Amino acid sequence: MASRLWASRAASYLRISAFNRGFASVVTDFKYADSHEWVKVEGNSAVVGITDHAQDHLGDVVYVELPEVGAAVTQGGSFGAVESVKATSDDINSPVSGKVVEVNEELNNSPGLVNASPYETGWIIKVEMIDNGELKSLMDSDQYSKFCEEEDASH
């Protein structure tokens with residue numbers, strides 16, 4: 001009981017909403033694509049990764065294919081892939097359009113960061129966005145949580 005209370009307080013402090021399924025956490029201020037990528041926006045800069053829900057369904061990530069810095073990404077377009085013990089290769093799609101300004105090089109040596117910390121040290125790319133209006137087509141945390149519940153129920 002004490003650990004559940006601690007986890008709830010920690011989640012509140014970190015602004016993470018934890019739901020009944022232990023693996024399904026979302027960050028309140030992020031936006032989410034229906035292909036299970038998240039985006040954290042700061043001005044025209046966006047950090048992108050795969051969601052906790054996605055990494056749980058993938059299983060242990062063993063390889064992350066990263067794009068080159070300077071590469072153009074388009075909303076909904078693939079920019080890389082993840083390989084896991086459960087999936088040979090699964091595309092990673094960009095939730096926003098723009099130019100890749102940084103990639104998480106740590107994933108080359110430690111792809112498991114995507115599993116261990118999908119919203120923090122497991123981020124994949126940073127993008128200089130070209131159209132903030134694209135964010136309107138993404139889900140907020142409540143919409144994404146409901147989307148995942150419905151998707152899981154249909155499988």
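Rules and cut-offs
- Residues numbered from 1 in each chain as written.
- Predicted model: local features only at pLDDT ≥ 70, side-chain atom pairs only at ≥ 80, totals over all residues.
- Heavy atoms only, no water.
- Helix = DSSP H or I, 4+ residues; strand = E, 2+ residues; numbered from the N terminus.
- Buried < 20%, exposed > 50% of the residue type's maximum accessible area, 1.4 Å probe, protein only.
- Contact = heavy atoms within 4.5 Å.
- Areas by Shrake-Rupley, 256 points an atom, 1.4 Å probe, with all protein chains shown as cover.
- Phe/Tyr/Trp six-rings, centres within 6.5 Å; stacked < 30°, edge-to-face > 60°.
- Lys, Arg positive; Asp, Glu negative; His and termini not counted.
- Salt bridge = Lys/Arg side-chain N within 4 Å of Asp/Glu carboxyl O.
- UniProt positions renumbered as here; feature names shortened; annotations may be inferred.

Remarks on the overall build of the chain
- Secondary structure assignment for the chain yields five helices and 11 strands.
- For the chain, buried positions account for 43% of its 155 residues.
- Excluding contacts between residues fewer than 6 apart, the proportion of contacts in the chain whose partners are at least 24 apart in sequence is 62%.
- In the structure as shown, the chain presents an accessible area of about 8600 Å², 48% of it carried by carbon and sulfur atoms.

Describing the packing of aromatic side chains
- Within this structure, the stated rule accounts for five aromatic pairs.
- Site record: aromatic cluster; members linked through ring pairs are F30, W38 and Y119.

Details of the side chain of E134
- Turning to its location among the elements, E134 is positioned in the loop between β11 (125-129) and α5 (141-154).
- For the buried E134, no salt bridge is present, and the opposite-charge side chain at shortest range is K136, 12 Å distant.

Describing the UniProt feature "modified residue: N6-lipoyllysine" (unreviewed entry) in the chain
- Residues annotated in UniProt with the feature "modified residue: N6-lipoyllysine" (unreviewed entry) correspond here to K86.
- When you line up the elements, K86 lands in the loop between β8 (78-84) and β9 (90-93).
- In contact with K86, not counting residues within four places along its chain, are D56, H57, L58 and G59.

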